[in-house]
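# Commentary on secondary and tertiary structure
As a plain string of letters, each chain reads:
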Amino acid sequence: MASTAPVAAGTSSETRPRQPIWLRCEKKPFEHRSALTPTTAKTLLDNNFEVFVERDPQRIFEDEEFEAVGCKLVPNNTWPSAPLEVPIIGLKELPESTDPLPHTHIQFAHCYKHQGGWNDVLRRFAHGKGTLYDLEFLEDPATRRRVAAFGFHAGFAGAAAGALAYAEQEKEGGKGVLKGLKPYPNEEAMVSHVRTALESVKGGVDKVKVLVIGALGRCGSGAVDLFRKAGLAEDNIVKWDMAETAKGGPFEEILDVDIFVNCIYLSKPIPKFITSDFIAQAGDKRRLSVVVDVSCDTTNPHNPIPIYNINTSFPEPTVEVDTKGVGKRCTVISIDHLPTLLPRESSEQFSKDLLPSLLQLPERSTAPVWTNAEALFREKLAEATAYDAEHGTA
């Protein structure tokens, strides 16, 4: 039964048991970020939490950094055997499986907007009677804004990847291909690399023109910031948001830049921004070379950029667009974990923003940030159950 007066985090264990939380390893290849950092874990420990951390050689933070602040290290990928009352926190989706999920999970699940396999994910929770608190939908009850997001660093890293792809494609008579993106130790190193790459193209960085859609949001502001720091002229950074896209696409303006970065948050069907046929019709007049879909709604049926159908990766960052054999090459970057190019900085920012909500975890039966997230989960779970019943896939 919910307490009438929620106990503040930090209350001694004499009046309240310690709140456990389990940081699982990440199984997505090349994912180096972490939902908790040694800094935020230390704050949780100081506020009557018990923090278990799975060993993870892929994580940007060394296991010993967590151990040094008092976390209990546990073997890699052992969360399935954790006590059921211990919430499991991670970032990216779990590997595909049909195993029931009986725990409480805090993570990005990518299953609330009917993405590919959405009902398969939710079915696992239904079968295990577990709970999902999706980080994408953990919102401040007053502002209805996400309490924590990687948006800024996603836009920043996406713009960097787009610039590097463009510079590479300008080589070898237009046949160059970007290969092997790797994380940077810090923002300065990333910006320096991008600036050097753009200075090598014909006309230098002053020649490059870009368009950012969703420029007023966290993600778009990150993309704009990267382009500015890389040395692009302000007039060559075209910034669009809802006002500019209200007329409905496809948009000729996208074809008139070298790099297009999509940073919108897709919450409902909208007209397409660009299509393969639209690109082909432009012929040799098209300037566009690289599309960065930071939003990465690859399997969303309402994707406004239906010119690709796969997620790309750090080893193979780009996929070719079918231009119908007309005009120069055009590629898409559709990496769904771009912030891991700056893993330490993006993790620290995200975890710091998430921390106030995590401190309310002991009161999750009454704290609105958690009760709202659980209500949404129950709604989506019912949706998936009904879908399974209708299609015979339960």
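What comes next is a walk through the structure.

Rules and cut-offs
Residues numbered from 1 in each chain as written. Predicted model: local features only at pLDDT ≥ 70, side-chain atom pairs only at ≥ 80, totals over all residues. Heavy atoms only, no water. Salt bridge = Lys/Arg side-chain N within 4 Å of Asp/Glu carboxyl O. Buried < 20%, exposed > 50% of the residue type's maximum accessible area, 1.4 Å probe, protein only. Phe/Tyr/Trp six-rings, centres within 6.5 Å; stacked < 30°, edge-to-face > 60°. Helix = DSSP H or I, 4+ residues; strand = E, 2+ residues; numbered from the N terminus. Lys NZ or Arg CZ within 6 Å of the ring centre and 35° of its normal. Pairing = 2+ DSSP bridges. Axes fitted to C-alpha atoms, helices over the stretch in contact; angles between N-to-C directions. Contact = heavy atoms within 4.5 Å.

### Quick word on the pattern of salt bridges
Under the counting rule described, the total for this entry stands at 26 salt bridges. The salt bridge partner of Glu31 is Arg33, with a shortest N-O separation of 2.8 Å. Here Glu31 matches Arg33 in class, with each residue buried. Because the salt bridges share partners, they merge into one network encompassing Lys28, Glu93 and Asp336.

### A closer look at the packing of aromatic side chains
Taken as a whole and assessed by the stated rule, the structure comprises 12 aromatic pairs. Note on Trp22 and Phe52: the rings are 5.4 Å apart at their centroids and 25 degrees apart in plane angle, and the pair reads as stacked. A residue pair is termed long-range when its members are at least 10 positions apart, and Trp22 in strand β1 (residues 19-23) and Phe52 in strand β2 (residues 49-54) qualify at 30 residues. There is no split in this pair, since Trp22 and Phe52 are both buried. Measuring from centroid to centroid gives 5.3 Å for Trp118 and Tyr387, while their planes differ by 65 degrees, and the two rings are edge-to-face. Of the two residues, Trp118 sits in helix α3 (residues 118-128) while Tyr387 sits in helix α11 (residues 368-391), which places them 269 residues apart along the sequence. Among the aromatic residues, ring-to-ring pairing joins Phe108, Phe150 and Phe350 into one connected group. Between Arg33 and the ring centre of Phe150, over which it is positioned, the NZ or CZ distance is 4.3 Å.

### Examining the sheet that holds strand β11 (residues 318-320)
Backbone hydrogen bonds are what pair the strands of a sheet, in a parallel or an antiparallel way. One open sheet holds the six strands; their spatial order is β8-β7-β9-β10-β12-β11, and the pairing between them is mixed. Each having just a single partner strand, β8 (237-240) and β11 make up the two edges of the open sheet. Neighbour-to-neighbour, the strand axes of the sheet open up by a mean angle of 20 degrees, direction not taken into account. Across the sheet, helix α4 (residues 151-169) touches β9 (259-262), β10 (290-293), β11 and β12 (331-333), and the angle it forms with β10 is around 160 degrees.

### With respect to the sheet that holds strand β5 (residues 104-107)
With parallel pairing, six strands are arranged side by side in an open sheet as β3-β2-β1-β4-β5-β6. Two strands close off the open sheet at either side, each with one partner strand: β3 (72-74) and β6 (131-134). Bridging between β1 and strand β4 (residues 88-89) involves two bridges; their strand directions are parallel. Its bridge partner being in β4, Trp22 is matched across the sheet by Ile88.

Read these as layout, nothing more, since geometry by itself doesn't imply function.
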